[in-house]
Amino acid sequence: MILPSVRDPRFVTIRRGGTLTDEHHHLLALWAADCAEHVLPLFESQLPDDPRPRAAIEAARAWARGELPMMRTRAVGGHAMGAARPLVGAPRFAAYAAGQAAVVAHVAEHDLGAAAYAIKAVRASVPAGSADEAGWRECAWQRERLPSAIRGLVLEDQARRNEICWNVFVD
């Protein structure tokens, strides 16, 4: 479970009583989509004809542009996670990353789900002795792409939720 038992109001939209602006919510979704897309080849190399994870990434971006309603985006994310269930290893984690990216539209805190699953996918795609280094490189790649407007928020959240996200975020 990648969601905390107590919600951080910084990840709850203003209209629901939190402090998250729509602009920052959209940036979180776009960053999550980038994280998921970076590892999507790990899924597509095994199941090139299954469009569900790619559709979830595209849905996250469409939602951020105001082109797709949240409920539809969330449903597409669920389909991507359905693609993950029968798989193991890197392809499974890559599909979960895509699904998590899409459901950011519903719950902003799923942004770390996309990032954490992407790191798990990379770690699972290399020999065990290289997994830590590969995971650290993926985490660094993700952090380099964080928009400045949400960088501090995401880094603080990574520190706060690292333990429930399998300790994949390095300091």
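Here, every reference points to the structure presented above.
Quick notes on the rules
Residues numbered from 1 in each chain as written. Predicted model: local features only at pLDDT ≥ 70, side-chain atom pairs only at ≥ 80, totals over all residues. Heavy atoms only, no water. Helix = DSSP H or I, 4+ residues; strand = E, 2+ residues; numbered from the N terminus. Buried < 20%, exposed > 50% of the residue type's maximum accessible area, 1.4 Å probe, protein only. Contact = heavy atoms within 4.5 Å. Core = buried A, V, L, I, M, F, W, Y, C linked by side-chain atoms within 4.5 Å. Expected span 1.5 Å × (residues − 1). Bend = angle between axes of the 7 residues up to and from the residue. Axes fitted to C-alpha atoms, helices over the stretch in contact; angles between N-to-C directions. Parallel < 35°, antiparallel > 145°, perpendicular 65-115°, else oblique. Left-handed = near helix turned anticlockwise from the far one by under 90°. Nonpolar A, V, L, I, M, F, W, Y, C, P; charged D, E, K, R; others polar. Phe/Tyr/Trp six-rings, centres within 6.5 Å; stacked < 30°, edge-to-face > 60°. Lys NZ or Arg CZ within 6 Å of the ring centre and 35° of its normal.

Visitor: Can you walk me through the environment of I14 in this structure?
Guide: Topologically, I14 is positioned in the segment before α1 (22-44). Accessibility expressed as a relative area gives 52% for I14, which makes it exposed. Setting aside its immediate chain neighbours within four residues, I14 contacts T19, L20 and T21.

Visitor: Explanation requested: the environment of V103 in the structure shown.
Guide: Mapped onto the fold, V103 is located in helix α4 (residues 89-103). A relative accessible area of 7% places V103 in the buried class. Residues within four places of V103 in sequence aside, it is in contact with R74, G77, M81 and H110.

Visitor: Just to check I follow, could you spell out the nonpolar core for this structure?
Guide: Among the nonpolar cores identified, the biggest contains 57 residues, and L28, W31, V39, F43, V154 and F169 are the most heavily contacted of them. The set of elements that each furnish at least two residues to this core consists of α1, α2 (52-64), α3 (70-84), α4, α5 (111-124), α6 (131-144) and α7 (148-161). It is α1 that provides the largest number of residues to this core, a total of 10 residues. For V39, the residues in contact, after removing those within four places along its chain, are A94, A97, A118, A121, V122 and E138.

Visitor: What exactly am I supposed to notice about α1 here?
Guide: One turn of the α-helix equals 3.6 residues, which is why residues spaced by three or four share an orientation. For α1, spanning 23 residues, the distance from its first C-alpha to its last is 31 Å, which sits close to the expected 33 Å at 1.5 Å a residue. Of all bends in α1, the biggest is about 40 degrees, found at H38, and the proline P41 comes one to four residues later. Inspection of α1 places H25, L28, A29, W31, A32, A33, C35, A36, V39, L40 and F43 among the buried residues, and these make up the whole buried set. The inward-facing, buried residues of α1 contact α2, α3, α4, α5, α6 and α7.

Visitor: Mind showing me how you'd approach the packing of α1 against α7 here?
Guide: Axes are the key here: two packed helices are described by the angle between their axes and the distance separating the axes. α7 packs onto α1 with a crossing angle of 65 degrees between their chain directions and a minimal axis gap of 10 Å. When the axes of α1 and α7 are compared, the pair comes out roughly perpendicular. The two elements α1 and α7 cross, and the hand of that crossing is right-handed. Here α1 contributes H24, L27, L28 and W31 to the contact with α7, which in turn contributes A149, I150, V154 and Q158. Considering only residue class, the contact of α1 with α7 consists of 6 nonpolar, 2 polar and no charged.

Visitor: Honestly, the packing of α5 against α6 in this entry has me stumped. Any pointers?
Guide: Axis separation between α5 and α6 bottoms out at 8 Å; the angle between their running directions is 145 degrees. Taken as a pair, α5 and α6 cross one another with a handedness that is right-handed. Only A131, D132, A134, G135, E138, C139 and Q142 of α6 make contact with α5, whose side of the interface consists of A115, A118, I119, V122 and R123.

Visitor: Would you explain α3 in this entry?
Guide: Its 15 residues place the ends of α3 21 Å apart at the C-alpha level, agreeing with the 21 Å of an ideal helix rising 1.5 Å per residue. Along α3, the residues classified as buried are T73, V76, G77, A80, M81, G82, A83 and A84. Elements that come into contact with the buried residues of α3 comprise α1, α2 and α4.

Visitor: Whenever I open this one, the packing of aromatic side chains confuses me. Can you help?
Guide: What characterises a pair of aromatic rings is the spacing of the ring centres plus the angle enclosed by the ring planes. Enumeration over the complete set of coordinates arrives at 3 aromatic pairs. Following the ring pairs from residue to residue traces out a cluster consisting of F93, Y96, Y117 and W166. We note K120 situated over the ring of W166; from NZ or CZ to the ring centre the distance is 4.2 Å.

Any link to function would need more than the numbers given here.
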